[in-house]
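A structural walkthrough
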Amino acid sequence: MSKVALSDDLNNYNSKALIRAKVKELFSEFSAKIFGLVDEASTIDSKKFEALSGFSSNFYSEYCSQLKAIFESPTGIGKRANKQMYLIYNGNHYILTQQGLTDKAPIIISTFSGTIPIKESVHDVEKACLKLRFQQ
């Protein structure tokens, strides 16, 4: 298991607003937890997150939603959000893949060892964590 300690009382949060606020407050801790689990399992989704971490899958879903929002630029008319996003965390590469067209579609985060397409950006999760910490 990942060494990052998230409080067991997180599972007492059951409203979407409380979960959103807690994920934003503990974004760095959730990043370490989630990417630690991805390193162990090579691929993770909300159900696997819940099984491996013991925390509600709602936290994973909210984390992925916030992560995507940080890196996606505002889309113009007729453009849709990226279905795949290349990430780097602690020097390791990952790929975030949304499994459908809607915002509610399942999201998978996997380790990535292939060649990143030239037109794709690699988003630094650690920098995003720092940025959020300074905004709070």
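Procedures and definitions
Sequence positions are assigned chain by chain, starting from 1 and proceeding in written order. In keeping with the model being predicted, local features are shown solely for residues with a pLDDT of at least 70 and side-chain atom pairs are shown and tallied solely at 80 or more, while totals for entire chains, interfaces and linings include all residues. With hydrogens and water excluded, all non-hydrogen atoms of the structure serve as input to the side-chain values. Think of a nonpolar core as a cluster: buried Ala, Val, Leu, Ile, Met, Phe, Trp, Tyr and Cys residues, connected wherever their side-chain atoms sit within 4.5 Å. Relative accessible area decides the class of each residue, using a 1.4 Å probe on protein chains only: under 20% of the type maximum gives buried, over 50% gives exposed, and in between gives partly exposed. The secondary structure listing takes helices from DSSP runs of H or I that are at least 4 residues long and strands from runs of E that are at least 2 residues long, numbered from the N terminus. Axes here mean lines fitted to C-alpha atoms, for a helix over just the part in contact, with angles spanning 0 to 180 degrees between N-to-C directions. Working definition: roughly parallel below 35 degrees, roughly antiparallel above 145 degrees, roughly perpendicular at 65 to 115 degrees, and oblique for all remaining angles. Should any heavy atoms of two residues lie within 4.5 Å, those residues are considered in contact. Gly is placed with the polar residues, together with every amino acid not listed as nonpolar (Ala, Val, Leu, Ile, Met, Phe, Trp, Tyr, Cys and Pro) or charged (Asp, Glu, Lys and Arg). A strand pair is defined by DSSP finding two or more bridges across the two strands.

**Digging into the nonpolar core**
In globular proteins that are soluble, nonpolar side chains generally tend to be buried together. F35, Y63, L67, L87, I109 and V125 are the most contacted members of the largest nonpolar core, which totals 32 residues. Only α1 (16–25), α2 (27–41), α4 (57–71), β2 (84–89), β3 (92–98), β4 (107–111) and α5 (125–135) provide two or more residues apiece to this core. No other element matches α2, which puts 7 residues into this core.

**Remarks on the packing of α2 against helix α3 (residues 46–53)**
Packing of α2 against α3 brings their axes to within 11 Å, and their N-to-C directions diverge by 95°. The angle between α2 and α3 places the two elements in the roughly perpendicular class. Contact residues: K33, I34, L37 and A41 in α2; K48, F49, L52 and S53 in α3. Tallied by class, the residues present in the contact of α2 with α3 amount to 5 nonpolar, 1 polar and 2 charged.

**Section: the pairing of β2**
Both β2 and β3 contribute to a ladder of 6 bridges, which runs antiparallel. Residue pairing across strands places Y86 opposite I95, the latter belonging to β3.

**Here we look at the pairing of β3**
Burial runs high along β3: 5 of the 7 residues are buried. Hairpin remark: β2 followed by β3, antiparallel, with 2 residues in the connecting loop; positive phi at N90, about 50°. Of the strand pairs in this sheet, β3 and β4 are connected by 5 bridges, and their pairing is antiparallel. Looking at β4, one finds that Q98 is bridged to I107.

**Examining unusual backbone geometry**
A positive phi angle, near 70°, is found at S42, a position not held by glycine. Along the chain, the position of S42 falls in the loop between α2 and β1 (43–44). A positive phi angle, near 50°, is found at N90, a position not held by glycine. Position of N90 relative to the elements: it lies in the loop between β2 and β3.

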